Amino acid sequence: VAQVHMIFKLPDHFGIYLHPLAYIEWFTSLHHHDTLTGLYLVNCSTQNCCPNVLVVSVDHFVHMCHLQGSCGR
C-alpha cells in the first residue's frame, strides 16, 4: 500500500519516460484488520527512522484504494 503525494513529468533533458512519474510513500502490509469495521490497519513504513518513499512510473500502479485516518481510541 502506498500514498501518492505527487504525479509529475520530467523535462526531456532528463531522459525519455513513457509514463508520468509518481512520488509515493509506502505503508505497512495488509496483515491486520479492525474487528469493528473490518478495514485493514496500516502504518507509515520507515527506513532508518525516515519515511519510506520512492519515485515510480505510474504504469506500476495496480489499483487504487482509499486511506482513512484513525482518530484515537
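Our structure's up above, just so we're on the same page.
Residues numbered from 1 in each chain as written. Predicted model: local features only at pLDDT ≥ 70, side-chain atom pairs only at ≥ 80, totals over all residues. Heavy atoms only, no water.

Caption draft 1: Structural detail: the overall build of the chain. Scanning the chain from terminus to terminus reveals 0 helices and 7 strands. Starting at the N terminus and walking to the C terminus, you meet the elements of the chain as β-β-β-β-β-β-β. A compact globule built from 73 residues would reach a C-alpha radius of gyration of about 11 Å, whereas the chain, at 15 Å, exceeds it by more than 25%. Principal-axis analysis of the C-alpha atoms places the extent of the chain at approximately 50 × 30 × 20 Å. When the 73 residues of the chain are sorted by exposure, 14% land in the buried category. (Helix = DSSP H or I, 4+ residues; strand = E, 2+ residues; numbered from the N terminus. Rg over C-alpha atoms; globule rule 2.2 N^0.38 Å. Buried < 20%, exposed > 50% of the residue type's maximum accessible area, 1.4 Å probe, protein only.)

Caption draft 2: Structural context of the environment of L21. Assignment of secondary structure puts L21 in strand β2 (residues 21–26). Classification of L21 by relative accessible area gives buried; the value is 9%. A sequence separation of 41 residues divides L21 from V62, and the C-alpha atoms of the two residues are 14 Å apart. Once residues lying within four places of it in the same chain are set aside, the contact partners of L21 are M6, I7, F8, L10, V55, V56, S57 and V58. (Contact = heavy atoms within 4.5 Å.)

Caption draft 3: Spotlight on the side chain of S45. Of note, S45 is situated in the loop between β4 (40–41) and β5 (46–47). The residues touching S45, leaving out its near neighbours within four places in the chain, are W26, F27, T28, C50, P51 and N52.

Caption draft 4: Representation of the sheet that holds strand β7 (residues 53–57) within the structure. The 3 strands lie next to each other as β1-β2-β7, forming an open sheet whose pairing is antiparallel. Two strands close off the open sheet at either side, each with one partner strand: β1 (2–8) and β7. Strand-to-strand twist in this sheet, taken as the mean axis angle between neighbours without regard to direction, amounts to 30°. Bridge count between β2 and β7: 5 bridges; the pairing is antiparallel. When the sheet's bridge partners are listed, E25 is paired in β7 with V53. (Pairing = 2+ DSSP bridges. Axes fitted to C-alpha atoms, helices over the stretch in contact; angles between N-to-C directions.)

Caption draft 5: Spotlight on the pairing of β2. Relative to β2, β1 is paired through 6 bridges, and the arrangement is antiparallel. Paired with I7 across the strands is A22, a residue of β2.

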